[in-house]
Amino acid sequence: MDTKPVPPFSPSITKNGFIFTSGQVYITREGKLLEGTIEEQTKQIMTNLETVLKNAGATFKDVVKTTIYTTDMSVYGKINGVYGSYFSAPYPARETICVKELPLGAKLEISMIAFKQ
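Predicted, not measured: the structure shown is a model, and the values here were computed from it. All residue numbers refer to position in the chain's written sequence, counted from 1. Thresholds applied to this predicted model are a pLDDT of at least 70 for local features of residues and 80 or more for the giving and counting of side-chain atom pairs; totals over whole chains, interfaces and linings are not thresholded and use all residues. Side-chain figures throughout are based on the complete set of non-hydrogen atoms in the structure, without hydrogens or water.

Draft legend 1. Representation of the packing of aromatic side chains within the structure. Geometry of aromatic contacts follows a simple scheme: Phe, Tyr and Trp rings, the Trp one being its six-membered ring, pair when their centres are within 6.5 Å, and the pair is stacked under 30 degrees between planes, edge-to-face over 60, tilted otherwise. Evaluated as defined, the whole model comprises five aromatic pairs. A ring pair is formed by Phe60 and Tyr86, whose centres lie 5.4 Å apart and whose planes are at 70°; its orientation type is edge-to-face. Remark: Tyr86 occurs in the loop between α2 (76-84) and β4 (93-98) and Phe60 occurs in the loop between α1 (38-55) and β3 (63-70); sequence separation between them is 26 residues. The exposure class assigned to Phe60 is buried, which follows from its relative accessible area of 9%. For the pair Tyr83 and Phe87, a centre-to-centre distance of 4.9 Å together with 45° between the ring planes defines the contact as tilted. The exposure classification of Tyr83 matches that of Phe87, with both residues buried. Here the aromatic cluster, defined as three or more aromatic residues joined through ring pairs, consists of Phe60, Tyr83, Tyr86 and Phe87. Numbered from the N terminus, helices here are DSSP runs of H or I no shorter than four residues, and strands are runs of E no shorter than two. In this scheme, a residue with accessible area under 20% of its type's maximum is buried, one over 50% is exposed, and one in between is partly exposed, where area comes from a 1.4 Å probe on protein chains only.

Structure follows, in structure tokens:
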């Protein structure tokens, strides 16, 4: 029997054509936070979000809104550089919020809303 705790949230929820993803941090397939640069961590988050969207029948082209949480605004440009490489115009609406802490001690978390008719 698996006794590993299950978090009380879903990777995504779809309602009326909207797909709401849970926030993703830079967790690897092995379940560990990725050690590396903020660029590598951002790429891992985007890979995780790509999987969540794909499982919900969507892609980054369907994303209409994103929220980025970071614990350090000095790395905003580096995050933005990687994040921006996944999108083309018209870009999703977005806000970036600096917070004191994130789950698991992560420095970055991203969530998305996509729309699929």
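Text resumes after the structure shown.
Draft legend 2. The nonpolar core, seen in detail. Counting 22 residues, the largest nonpolar core has Met46, Phe60 and Met112 as the members making the most contacts within it. Every element with two or more residues in this core is listed here: α1, β3, α2 and β5 (108-115). With five residues, the top contributor of residues to this core is α1. If near-sequence neighbours (up to four positions away) are discounted, Met46 is found in contact with Phe60, Tyr83, Tyr86, Phe87, Ile110 and Met112. Residues belong to one nonpolar core when they are buried, are Ala, Val, Leu, Ile, Met, Phe, Trp, Tyr or Cys, and are joined through side-chain atoms within 4.5 Å. Contacts are assigned to residue pairs with any non-hydrogen atoms lying within 4.5 Å of each other.

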